[in-house]
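# Breakdown of the fold
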Amino acid sequence: MTENTVKRTAEWKSEDHRHYLHPFTDHKDLGEKGGSRIITRADGVYIYDSEGNRILDGMAGLWCVNLGYGRTELVDAAAAQMRELPYYNSFFQCTHPPAIELSERLSELSPGNFNHVFFTGSGSEANDTQIRLIRRYWDLQGQPDRMTIIARKNAYHGSTLGGASLGGMSAMHEQMVLPVPGIVHIEQPYQFELGADLSAADFGLQQARLLEKKILEIGADKVAAFIGEPVQGAGGVIIPPDTYWPEIQRICDEYGILLVADEVITAFGRLGEWFGSTRFGMRPDLISFAKGVSSGYLPLGGALVGDRVAEVVIAEGGEFAHGYTYSGHPAACAVGLAVLKIMQREKIVERVREHTEPYFHARFKTLEDHPIVGEVRSIGLVGAIEIVKDKSSRERFHKDLGAGTRCRDFCVNNGLVMRAVGNTMIVSPPLVVEDKHIDELVEKAWKCLDLTAASLARE
Ligand code: PXG
């Protein structure tokens, strides 16, 4: 921080408010509340704002900066690639080394039935690509009536029209007359909200069988695919019971429908595996990825295409009429390769699985003793805290009290980024967090839950 950044803060806030339309933001409300916090730099697991505050980044940016900030190796990889070849496309029978090498590395790291990658610039574009691949596959199989894709309520699959349609966020649907035709939603495996009376095993089976019910309602010969995040992220870190995914897999197999794992958050070590599907015993036909593949340093995503789909689309499909200017961007792919190199060298996935996850799980769970916490859950390095008014009945605070956003604001003002999804607080720290950072996260979270409880008690 320099004196200059402090001085510039007011000016930046005003310019920001006048010109910059932020994603998912109520601009009128933001203006009335004094504008945005301006993040000027970051290092390791901390971000710094223009007024010099140091804040522990409990969200790894937006679930993406898995290797932490200040990785000069990633900066150097991008700079070197930009000097050599800053851009070229892979349309019209061209390609370039970073995209070739990254597609090969991803094929090696992904489950055995995956050997092809389609690159995009984001997770939303990855899921739009999946819709195109799914429709193309069934057309080529001579089953064009298999048009319906089943997804879940409260899922997040991105913000393009396709991604928002697959997602189950009603507020997004309402603003755009979505979903587009051919996408339907079933209920999610959110036990704290929907299944308090059942055992986890029974609740998992019950929620999975909603898929079978929906398939039978539509007609199995009309269903193309099911898409789900192994663990729902933006919906509130919803961790399905162990029985859920095996039963979903059984149903997909039985009716021959494609299974798409949206691993935009869960891949690249977030759940202590290269791909979160592995942890839940899923055998997806298609996988979407983004975020952690480049650790957020440059925009990069893609669709991993399993052999079942690739063989049909490649052998019989002719030209696949789909692609983006930045598909396989050389600098983004060079950063992706450097990320994978660091992950291998520093054994990031193994460290999460063997050390960080158990430590985080145990320490984070202690927050369940807090008087306004109804449940704490975590898996890998994602976690959720359910804020409640009454622990035993799980009664929530009235929605208008904004318990979650209150807690979020206390957190950031006390040096911790924790995100609010309604009254659920969620975290997804960089995978490189050390024990002392986890201690700091838990201590600050407790303090901010105290502040939240006190402020709610005053109303
Ligand atoms: N799938 C999943 C599972 C995601 O979490 C996307 C797709 C879309 O990726 P892009 O790169 O197009 O944003 C995501 C993105 C939040 C939040 O508030 C989460 C995401 C994006 C923005 C906000 O938690 N996830």
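Conventions we followed
Every chain is numbered independently, its residues counted from 1 as its sequence is written. Thresholds applied to this predicted model are a pLDDT of at least 70 for local features of residues and 80 or more for the giving and counting of side-chain atom pairs; totals over whole chains, interfaces and linings are not thresholded and use all residues. Heavy atoms from the whole structure form the basis of all side-chain values; hydrogens and water molecules are not counted. Domain start and stop positions are those given by an automatic or database domain assignment. Any pair of residues with heavy atoms lying within 4.5 Å of one another is described as a contacting pair. Within this document, salt bridges are pairs made up of a side-chain nitrogen of Lys or Arg and a carboxyl oxygen of Asp or Glu, the two lying within 4 Å of each other. Only DSSP runs of H or I reaching four residues or more are called helices, and only runs of E reaching two or more are called strands; each is numbered from the N terminus. To estimate the expected span of a helix, count its residues, drop one, and scale the result by 1.5 Å. For each residue, the accessible area found with a 1.4 Å probe, counting protein chains only, is set against the maximum for its type, and the residue is called buried under 20%, exposed over 50%, and partly exposed in between. Here a strand pair is declared whenever DSSP counts at least two bridges between the two strands. Inter-axis angles, ranging from 0 to 180 degrees, are taken between N-to-C directions of lines fitted to C-alpha atoms, where helices are fitted over the stretch in contact. Any N or O atom pair separated by 3.5 Å or less is treated as a polar contact, with the protein-specific requirement of one donor-capable and one acceptor-capable atom, and with residues adjacent in sequence counted only for side-chain atom pairs. We call a residue near a molecule or strand whenever a single non-hydrogen atom of that residue lies within 4 Å of it. Only the protein chains shown count as cover for residues, with accessible areas throughout obtained via the Shrake-Rupley method and a probe of 1.4 Å.

If you check the domain split of the chain, you get domain 1 (37-70 + 347-458) and domain 2 (73-345). When each unit is reduced to the centre of its C-alpha atoms, the spacing between domain 1 and domain 2 is 26 Å. With 38 residues of domain 1 in contact, the opposing surface of domain 2 contributes 34 residues. Applying the counting criterion to the domain 1 and domain 2 interface returns three salt bridges. Among the ionic pairs, Glu193 bridges to Arg396, the shortest N-O distance being 2.7 Å. Looking at the side of domain 1 that touches domain 2, the elements with two or more residues in it are helix H3 (60-63), helix H15 (348-365), strand S11 (373-379), strand S12 (382-387), strand S13 (419-421) and strand S14 (424-427).

It is worth spelling out helix H11 (residues 244-255) at this point. For H11, built from twelve residues, the straight-helix expectation of 16 Å at 1.5 Å per residue is met to within 8% by its first-to-last C-alpha distance of 17 Å. If you check which residues of H11 are buried, you get Tyr244, Trp245, Glu247, Ile248, Gln249, Ile251, Cys252 and Tyr255. Residue Gly256 follows H11 closely and has a positive phi angle near 70°.

Ordered by their spatial adjacency, four strands build an open sheet running S11-S12-S14-S13, and the pairing between neighbours is antiparallel. Lying at the two open borders of the sheet, with one neighbouring strand each, are S11 and S13. With strand direction ignored, the average angle separating the axes of adjacent strands in the sheet is 20°. Relative to S14, S12 runs antiparallel, the two sharing four bridges. Each residue of the ladder has a partner; that of Ala384, found in S14, is Ile426. Running over the sheet, H15 touches S11, S12 and S14 and is turned about 180° from S11.

Before going further, it helps to spend a moment on the environment of Glu357. With respect to the element layout, Glu357 can be found in helix H15. Setting aside its immediate chain neighbours within four residues, Glu357 contacts Leu271, Arg279, Val352, Ile379, Gly380 and Leu381. Looking at Glu357, its side chain comes within polar contact range of the side chain of Arg279, at 2.8 Å.

Taking strand neighbours across the sheet as the criterion, the three strands line up as S1-S2-S3 in an open arrangement whose pairing is antiparallel. Looking at the sheet topology across the chains shown, the edges are occupied by strand S1 (39-43) and strand S3 (54-56). This sheet shows a mean twist of 30° between the axes of neighbouring strands, independent of strand direction. In terms of strand pairing, S1 meets strand S2 (residues 46-49) through four bridges, oriented antiparallel. Among the inter-strand pairings, Ala42 is bridged to a residue of S2, identified as Ile47.

Below, the discussion takes up the site of the ligand. If you check the shell around the ligand, you find 16 residues, and the closest are Trp63, Gly123, Ser124, Asp262 and Arg419. Measuring from an oxygen atom of the ligand, one finds a side-chain N or O atom of Ser124 at 2.5 Å. Residue Lys291 places a side-chain N or O atom 3.1 Å away from a nitrogen atom belonging to the ligand. In isolation the ligand offers 540 Å² of accessible surface; the protein chains occlude 84% of this area.

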